[in-house]
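Inside the fold
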Amino acid sequence: MLLSVVVPCYNEEEAIPLLVDRLLAAVAPWAGQTEIILIDDGSTDGTWAALEAAHASHPEVRGLKLSANRGHQIALTAGLAAAEGQRVFMLDADLQDPPELLPEMMSLMDTGYDVVYGKRAQRQGETPFKKLSAWAFYRFLNALSDVKIPKDTGDFRLVSRRALDSVLQMPERSRFVRGMFAWVGFRQIGVEYQRDARMVGETKYPLRAMLKLATDALTGFSIKPLRFATRLSFCTLGVSALVAIYVFHSLILYQTAPGWASMLLAMSFFSGIQLLTLGIMGEYIGRLYMEMKQRPLFFLDRETGDYQSETFADIEAETGRRRQAR
Ligand code: UDP
Ligand code: MG
């Protein structure tokens, strides 16, 4: 197998027919040596039926269904783990990343690159809030992290087998795939492209999911927030030294230090800082705990072509047969 295409899909039933058409056209030069792996990330709409239909008419399309919704990064990881190709091309299901860039990426890889990533020159049809938050996020992340993570780069890239195998060796549970590919090193290059608007459907990344991705990225690639607490303590000690001078000064001069208001202010300021520091520590401790449990990242429910029928009895019989075979 020369090329694997990996696409995570969560409630993308309307996008899949178009996606499959455009992918098949893009991989046409490598037809016969290409597999297209679509991961159904525990969708609640007709995504799985769409994947089975795609598999029925194009056997090179493989659908894998996760046992539950695990989120974009885990669904992507599941697909990467299943890919058999020498090169692996990953993109979103909503066609915001144009599959037509594949030939250019393939020829760049021919010249010796291990990772060719898409760099968003422009974003169409996204809210000003999303553009601004993404812009700020990538800059903030790079300021904090020791790894240089390419700016304005999502999960649209072509990677070599050895780059992929390196990433697959990384066992962490909270995964920030684009950072992990940056971290493994090798020769990397970006290709600029226009990020289109979503073809159909709406974003599967609510603010909550964006915040989770951002904290995964920050905590996964930097421990600077922890050191931030120490710096902060120096600053607040400095501030309280100044306040102390002021207080003693007025005690000596006027026999009184005015102001319960300023005291209340100082108290709430310092307890705010303490809670913030505790929160940062808690974030890392919680992550330690999650990592320590070593739970599998995902479970596969089924694969296209597995079962002729979807009744429970059939699935159970098939699972039994497999267990016997093992
Ligand atoms: N996705 C997923 N699981 C989720 C959420 C999203 O597999 O829980 C997939 C989704 O189907 C799409 C990709 O992740 O292929 C990116 O999601 P989306 O386009 O909604 O994000 P945005 O482009 O708005 O940031
Ligand atoms: Mg999208």
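Owing to the predicted nature of the structure, the values given are computational and were not obtained by experimental measurement.

**Topic: the packing of helix 5 (residues 128-144) against helix 8 (residues 207-221)**
Where helix 5 contacts helix 8, the axes come no closer than 10 Å and their chain directions differ by 10 degrees. With respect to helix 8, the axis of helix 5 lies roughly parallel. Two packed elements cross with a definite hand, and for helix 5 against helix 8 that hand is right-handed. Taken together, the residues of helix 8 that come into contact with helix 5 (itself represented by F129, K130, S133, F137, F140, L141 and L144) are L207, M210, A214, A217 and L218. Its residues assigned to classes, the contact of helix 5 with helix 8 shows 10 nonpolar, one polar and one charged.

**Some details on the coordination of the magnesium ion (ligand 2)**
Each protein donor to the magnesium ion (ligand 2) is listed here as D94 (OD) and Q96 (OE1); together their distances run 1.9 Å. Across the pair, exposure class does not vary: D94 and Q96 are buried alike.

**Here we look at unusual backbone geometry**
With the exception of glycine, most residues fall at negative phi, and the peptide bonds are largely trans. Even without being a glycine, N11 presents a positive backbone phi close to 50 degrees. The phi angle at Q294 is positive, at roughly 55 degrees, despite the residue not being glycine. Position of Q294 among the secondary structure elements: in the loop between helix 10 (260-293) and strand 8 (300-303).

**Quick look at the environment of M109**
Following the sequence through the fold, M109 ends up in helix 4 (residues 102-110). Measuring from C-alpha to C-alpha, the distance between M109 and R227 comes to 39 Å, with 118 residues separating the pair along the chain. Residue contacts for M109: discarding those within four places in its chain leaves R87, D114, V115, V116, L158, V159 and S160.

**Overview of the site of ligand 1**
Taken together, 19 residues lie near ligand 1, and E12, D41, D94, Q96 and K204 sit nearest. At 2.8 Å, a backbone N or O of P8 approaches an oxygen atom of ligand 1. Here an oxygen atom of ligand 1 sits 2.5 Å away from a polar atom, N or O, in the side chain of D94. Notes on ligand 1: free accessible area 530 Å², of which the protein chains cover 93%. Looking at the shell around ligand 1, the elements with two or more residues in it are strand 1 (3-9) and helix 3 (72-82).

**Details of the nonpolar core**
Grouped together as the largest cluster of nonpolar side chains are 38 residues, with contacts concentrated most on V6, L80, V159, F176 and F181. Excluding anything up to four places from it in sequence, L80 contacts V6, V88, M90, L164, L168, V177 and F181. Counting residues in each nonpolar core, the second largest holds 34 residues, with L24, L95, L102 and M109 among its members.

**Some points on empty space enclosed by the protein**
Empty space left among the atoms is revealed by rolling a probe the size of a water molecule over them. Scanning all chains against the criterion turns up one cavity of 30 Å³ or more. In this structure, the largest cavity encloses a volume near 40 Å³. Along the walls of the largest cavity sit V115, Y117, P150, T153, R157, R178, F181, A182 and Q188, which together make up its complete lining. For the lining of the largest cavity, the secondary structure elements donating two or more residues are strand 5 (115-123) and helix 7 (177-184).

**Considerations on the packing of aromatic side chains**
Applying the stated criterion across every chain, the model contains six aromatic pairs. Relative to F176, the ring of F137 has its centre 6.4 Å away and its plane inclined at 90 degrees; by these criteria the two rings are edge-to-face. Of this pair, F137 sits in helix 5 while F176 sits in the loop between helix 6 (161-168) and helix 7; the two residues are 39 residues apart in sequence, bridging distant segments of the chain. The residues F137 and F176 share a single accessibility class, namely buried. Grouping aromatic residues by their ring pairs yields a cluster made of F137, Y138, F176 and F221. Taking the ring centre of Y113 as reference, the NZ or CZ of R187 above it sits at 4.4 Å.

**Re the packing of helix 8 against helix 10**
The angle between the axes and the distance between the axes are what describe a pair of packed helices. In the contact formed by helix 8 and helix 10, the axes pass within 11 Å of each other and the chain directions differ by 85 degrees. Viewed along their axes, helix 8 and helix 10 adopt a mutual orientation that is roughly perpendicular. Each of T215, D216, L218 and T219 in helix 8 lies in contact with helix 10, whose residues at this interface are E283, Y284 and R287.

**A closer look at the environment of S262**
With respect to the secondary-structure elements, S262 resides in helix 10. Relative accessible area serves as the criterion here: at 46%, S262 is assigned to the partly exposed category. Each C-alpha atom, one on S262 and one on V243, is 9.9 Å from the other, the two residues being 19 residues apart in sequence.

**Quick word on the pattern of salt bridges**
By the definition in use, this model includes 16 salt bridges. One salt bridge in this structure joins D114 and R162, with 2.8 Å as the shortest N-O distance. In this pair, D114 sits in the loop between helix 4 and strand 5 while R162 sits in helix 6, placing the two residues 48 residues apart along the sequence. Shared partners join several salt bridges into a network, and the residues in it are K212, D216, E283 and R287.

So, how was this worked out
- Residues numbered from 1 in each chain as written.
- Chains lettered and ligands numbered in written order.
- Predicted model: local features only at pLDDT ≥ 70, side-chain atom pairs only at ≥ 80, totals over all residues.
- Heavy atoms only, no water.
- Axes fitted to C-alpha atoms, helices over the stretch in contact; angles between N-to-C directions.
- Helix = DSSP H or I, 4+ residues; strand = E, 2+ residues; numbered from the N terminus.
- Parallel < 35°, antiparallel > 145°, perpendicular 65-115°, else oblique.
- Left-handed = near helix turned anticlockwise from the far one by under 90°.
- Contact = heavy atoms within 4.5 Å.
- Nonpolar A, V, L, I, M, F, W, Y, C, P; charged D, E, K, R; others polar.
- Donors = N, O, S within 2.8 Å, 3.2 Å for Na, K, Ca; no water.
- Buried < 20%, exposed > 50% of the residue type's maximum accessible area, 1.4 Å probe, protein only.
- Near = heavy atom within 4 Å.
- Polar contact = N/O pair within 3.5 Å; in protein donor to acceptor, adjacent residues only side chain to side chain.
- Areas by Shrake-Rupley, 256 points an atom, 1.4 Å probe, with all protein chains shown as cover.
- Core = buried A, V, L, I, M, F, W, Y, C linked by side-chain atoms within 4.5 Å.
- 1 Å grid on protein atoms, 1.4 Å probe; cavity = no way out; pocket = protein on both sides within 12 Å on 5 of 7 lines; lining within 4 Å.
- Points joined across faces, edges and corners; volume = space filled by probe spheres on them.
- Phe/Tyr/Trp six-rings, centres within 6.5 Å; stacked < 30°, edge-to-face > 60°.
- Lys NZ or Arg CZ within 6 Å of the ring centre and 35° of its normal.
- Salt bridge = Lys/Arg side-chain N within 4 Å of Asp/Glu carboxyl O.

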